[in-house]
Amino acid sequence: MSPIFLSRRRFLTGATIASTAPLAGCFDFLGDRSGEVRGALETANSLTYHAQRLLLGSDDLAREYSESEIRQPQRPNGSTNPSDRAYVALARGGFSDYRLKVGGLVDKPTELSLGELQAMPSRTQITRHDCVEGWSCIAKWTGVPLSTVLDHVSPKPAARFVVFDCFDTMQRNALGAIKYYESIDMADARHPQTILAYGLNDQSLPISNGAPLRVRVERQLGYKMAKYIRAITVTETLEGFGQGGGGYWEDRGYEWFAGI
Ligand SMILES: Nc1nc2c(c(=O)[nH]1)N[C@H]1C(S)=C(S)[C@@H](COP(=O)(O)O)O[C@H]1N2
Ligand SMILES: [Mo]
């Protein structure tokens, strides 16, 4: 294991916040966003994953905050208003025709409406979102635990990952639209704070933050938290999704395990 990489990241995210703007809800945690500091955050190696999995029990919780620590709206980042035809049509109808597809390596593939997801047991948590670009926001998220949805479809024993397919197009090439996607392992998928969120700060999740459904993965960086989720696929391997790196940004060099 590599405590060096782990503690370097801990130091950057923890100590810098404490020294700059401890009270703000959204704030820069890296003064120099383009310098070496940011590089260190983006490139810590895969040993981090194994180190964190050994050091953190799989159910250790990310810190939760109080209402008074929510100071600003969650800052929208990445895609904020998908122009994809299917998405625009769903949004126009207030997402009443939205169906979350859940399939792959499961016994009972299914489709769930927003109403059905909202009727399941919910969890609300106030957490801090850290973006790799160097800012953080504290916000209140409400949704259904991903583990509840997984129980509903019964993953097969070989299941190792959960892949999120999103509506938004990041780029187009000769083969067509390249959409945002992300993935997490079963330990994170089953973690009690991993929720499919449909609520933000006591309101419906806004389009700019991923309506109708986005995932919260509270022990990792913001890019893991797919917005505009169209489908969830349980799988044994990440091959065959995008370029096989496990996410849109991972296919472009970001780490797959982005622990904080
Ligand atoms: N579908 C999709 N999900 C996404 C992104 C995106 O561009 N598309 N950006 C990611 C990044 S880099 C961050 S920091 C967060 C931003 O979430 P927010 O807009 O709610 O702050 O969403 C993540 N999930
Ligand atoms: Mo981000």
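Definitions and cut-offs
Residues numbered from 1 in each chain as written. Chains lettered and ligands numbered in written order. Predicted model: local features only at pLDDT ≥ 70, side-chain atom pairs only at ≥ 80, totals over all residues. Heavy atoms only, no water. Helix = DSSP H or I, 4+ residues; strand = E, 2+ residues; numbered from the N terminus. Buried < 20%, exposed > 50% of the residue type's maximum accessible area, 1.4 Å probe, protein only. Arc of directions from axis to C-beta. Pairing = 2+ DSSP bridges. Axes fitted to C-alpha atoms, helices over the stretch in contact; angles between N-to-C directions. Contact = heavy atoms within 4.5 Å.

A. A look at the environment of Ile 138. Assignment of secondary structure puts Ile 138 in strand β5 (residues 135-145). Along the backbone, Ile 138 and Arg 75 are 63 residues apart, and their C-alpha atoms lie at a distance of 9.7 Å.

B. Molecular detail of unusual backbone geometry. In this structure, the amide linkage connecting Ala 211 to the following residue, Pro 212, adopts the cis form with an omega of 5°. For Pro 212, the location among the structural elements is in the loop between β9 (203-204) and β10 (214-216). Of note in this structure, Asn 201 is not a glycine but carries a positive phi near 50°. Tracing the sequence through the fold places Asn 201 in the loop between β8 (195-200) and β9. Its identity is not glycine, yet Asp 202 carries a phi of approximately 70°, on the positive side. Inspection of the secondary structure puts Asp 202 in the loop between β8 and β9. For Asp 202, a relative accessible area of 58% puts it in the exposed group.

C. Region of the structure containing helix α6 (residues 146-153). By the burial criterion, the buried members of α6 are Leu 146, Ser 147, Val 149, Leu 150 and Val 153. For α6, the angular spread of the buried residues around the axis is 160°, confining them to a single face. Backbone geometry just downstream of α6 places Ser 154 in the positive-phi region, at approximately 55°.

D. Up close: the sheet that holds strand β3 (residues 110-113). One open sheet holds the 5 strands; their spatial order is β3-β2-β11-β6-β7, and the pairing between them is mixed. The open sheet has two edge strands, β3 and β7 (176-185), and neither has a second partner. On average, each strand axis in the sheet is tilted by 25° relative to the strand beside it, whichever way the strands run. Lying over the sheet, α6 contacts β2 (99-104), β3, β6 (161-173), β7 and β11 (229-235), oriented at roughly 140° with respect to β3.

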